Amino acid sequence: MNARFLILGCALFLGACASSGVRIRNLPDETPAANAARSVDAMKALGELQKEAAESAGDRANLYAPEEVTPADAPSMTTYDPLERLNRFTYRFNARWDENIFLPVSNGYRRLPSPVRSGVHNFFGNLAEVNSVVNFALQGRLGYGVRSLGRFVINTTAGIGGLFDVATKVNLTAAPTGFGTTLSKWGMHPGPYLVIPFLGPSTLRDGVGLLGDYGIEYGVDAGGLYRNSSRSWMLGGANAIDQRSSIDFRYYSTGSAFEYETIRFLIVRRRLIEDEGLHVDEPKERRPPGEPAGQ
């Protein structure tokens, strides 16, 4: 019985293999010429895609490529310094003053607990907001002025007289300004390089700006702190020590024979870059770095 079933199955299998209408799998027809033509077309299409990609990459490279820089575009190392002899003397005086008196006092201040130093720094920063409010108004930047006023109100009340910077925690970040920036906004050039006794490298315009800032503080007299001479001197000294303690600069620490020239170039160049930022909407004729207005 089993042998008969086995013989029948073998017969059916052999018959199916012999039949032309039965295929185990479907295979494509062998057409070498057509296959070659399709391969050629595919290679042409791939070449076109590569060409388009290269052109697109070239266009992007040209779009974002920096403009060619020529020697004329490089900033001049010459800085307008008609008071160079006096400035060099003042620079050396400031270096000795800083090394022997100011820096040791500031280093002693650094040893105070961090919360104390932070509170002092926040207190003076809060007082400076009054000066910023007035100067932003003079510059016509009322939005910034409102923000500085908001910072002053919040830190004076919730920050316990400005000892805590609560305004920054509510996303009202500080953006201090001064009368020197106001003069720049009004179109005044930085002018000649100037080393101010005790204060350090600056420009003539910024020196005038410091006097303007003091006049604003004296006129507003927030909290009655500035019209009392002894109190004003104490505040000024404490503020100067706090600011010096946060600056890592050391006179003649580089050992360079050209430190005076380097500092002079960096100070004046920084002022010119800041001026360009203030007048981005007011394009003016380019003036060589360090050259005063009218030359």
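Criteria and cut-off values
- Residues numbered from 1 in each chain as written.
- Predicted model: local features only at pLDDT ≥ 70, side-chain atom pairs only at ≥ 80, totals over all residues.
- Heavy atoms only, no water.
- Helix = DSSP H or I, 4+ residues; strand = E, 2+ residues; numbered from the N terminus.
- Buried < 20%, exposed > 50% of the residue type's maximum accessible area, 1.4 Å probe, protein only.
- Areas by Shrake-Rupley, 256 points an atom, 1.4 Å probe, with all protein chains shown as cover.
- Contact = heavy atoms within 4.5 Å.
- Salt bridge = Lys/Arg side-chain N within 4 Å of Asp/Glu carboxyl O.
- Core = buried A, V, L, I, M, F, W, Y, C linked by side-chain atoms within 4.5 Å.
- pLDDT = per-residue confidence, 0-100.
- Axes fitted to C-alpha atoms, helices over the stretch in contact; angles between N-to-C directions.
- Parallel < 35°, antiparallel > 145°, perpendicular 65-115°, else oblique.
- Left-handed = near helix turned anticlockwise from the far one by under 90°.
- Nonpolar A, V, L, I, M, F, W, Y, C, P; charged D, E, K, R; others polar.
- Expected span 1.5 Å × (residues − 1).
- Arc of directions from axis to C-beta.
- Bend = angle between axes of the 7 residues up to and from the residue.

On a plain count of helices and strands, the protein comes out with 10 helices and 2 strands. Ordered by position from N to C terminus, the α and β elements of the protein give α-α-α-α-α-α-α-β-β-α-α-α. Each of the 295 residues in the protein was classed as buried or not, and the buried ones make up 28%. If you sum the accessible surface of the protein, you get close to 20,100 Å²; carbon and sulfur atoms cover 63% of it.

So, on to the side chain of Asn-131. Within the secondary structure, Asn-131 sits in helix H4 (residues 114-139). Sequence-distant contacts of Asn-131, defined by excluding residues within four places in its chain, comprise Thr-177, Gly-178, Asp-213, Ile-216 and Glu-217.

Time to look at the pattern of salt bridges. Evaluation of the coordinates by the stated rule reveals 13 salt bridges. One salt bridge connects Glu-84 with Arg-264, and the closest N-O pair in it is separated by 3.8 Å. Of the two residues, Glu-84 sits in helix H3 (residues 84-110) while Arg-264 sits in helix H10 (residues 259-278), which places them 180 residues apart along the sequence. Its relative accessible area of 10% is what places Arg-264 among the buried residues. We note a salt bridge from Glu-274 to Arg-271, for which the minimum N-O separation is 3.9 Å. Here Arg-271 and Glu-274 lie together in helix H10, a separation of 3 residues that amounts to about one turn. Its relative accessible area of 15% is what places Arg-271 among the buried residues.

Relative to the elements of secondary structure, Leu-272 occurs in helix H10. Judged by its relative accessible area of 12%, Leu-272 is buried. With 88 residues separating them along the chain, Leu-272 and Ser-184 place their C-alpha atoms 9.6 Å apart.

Quick look at the nonpolar core now. Counting 10 residues, the largest nonpolar core consists of Tyr-91, Ala-95, Tyr-193, Val-195, Tyr-251, Tyr-260, Ile-263, Ile-267, Val-268 and Leu-272. Within the residue set of this core, elements represented by two or more residues are H3, strand E1 (193-196) and H10. At 5 residues, the largest contribution of residues to this core is made by H10. Setting aside chain neighbours within four positions, we find Tyr-251 in contact with Tyr-91, Asn-94, Ala-95, Asp-98, Gly-200, Pro-201 and Glu-259.

Moving on, we get to the confidence of the model for the protein. Residues of the protein with pLDDT of at least 70 account for 76%, and the chain-wide mean is 82. Mean pLDDT per element in the protein: helix H1 (residues 2-18) is the minimum at 51, and E1 is the maximum at 97. Residue range residues 18-27 is modelled with pLDDT below 50. Its contacts to residues more than four positions away, or to other chains, number 1 contact. Note that residues 283-295 has pLDDT below 50 and, in this model, 19 contacts with residues that lie over four places away or in other chains.

The next thing to look at is the packing of H4 against helix H9 (residues 229-245). Packing of H4 against H9 brings their axes to within 10 Å, and their N-to-C directions diverge by 120 degrees. Classified by the interaxial angle, the pair formed by H4 and H9 is oblique. At the point where H4 passes H9, the crossing takes the left-handed sense. Residues Arg-117, Val-120, His-121, Phe-123 and Phe-124 of H4 form the contact with H9, whose own contacting residues are Leu-235, Ala-238, Asn-239 and Asp-242.

We now examine the environment of Phe-123. Locating Phe-123 in the fold gives a position in helix H4. Residues Phe-123 and Asp-165 lie 42 residues apart in sequence; the distance between their C-alpha atoms is 8.6 Å. Filtering out sequence-adjacent residues up to four positions away, Phe-123 remains in contact with Gly-161, Gly-162, Leu-163, Leu-225 and Leu-235.

What follows covers the packing of H3 against H10. Where H3 contacts H10, the two axes come as close as 12 Å, and the packing angle between them is 105 degrees. As the angle between them shows, H3 and H10 are arranged roughly perpendicular. Facing H3, whose interface residues are Glu-84, Asn-87, Arg-88 and Tyr-91, H10 presents Glu-259, Tyr-260, Glu-261, Ile-263 and Arg-264. Its residues assigned to classes, the contact of H3 with H10 comprises 3 nonpolar, 1 polar and 5 charged.

With 16 residues, helix H5 (residues 142-157) extends 23 Å between its outermost C-alpha atoms, agreeing within 8% with the 22 Å of an ideal straight helix rising 1.5 Å per residue. Within the sequence span of H5, burial applies to Gly-145, Ser-148, Arg-151 and Asn-155. Around the axis of H5, the buried residues are gathered within 120 degrees of arc, so they sit on the same side. What points out from H5, more than 90 degrees from its buried face, is the exposed set Leu-142, Gly-143, Val-146 and Thr-157. Looking at the buried positions of H5, the neighbouring elements they touch are H4 and helix H6 (166-169).

This brings us to H3. Here H3 contains 27 residues, and its C-alpha end-to-end distance of 34 Å is more than 12% below the 39 Å for a straight helix at 1.5 Å per residue. Along its length, H3 shows its largest kink, about 50 degrees, at Asp-98. When we look at burial in H3, the residues that qualify are Asn-87, Thr-90, Tyr-91, Asn-94, Ala-95, Asp-98, Phe-102, Leu-103, Ser-106 and Tyr-109. Buried residues along H3 sit in contact with H4, E1, strand E2 (200-203), H9 and H10.

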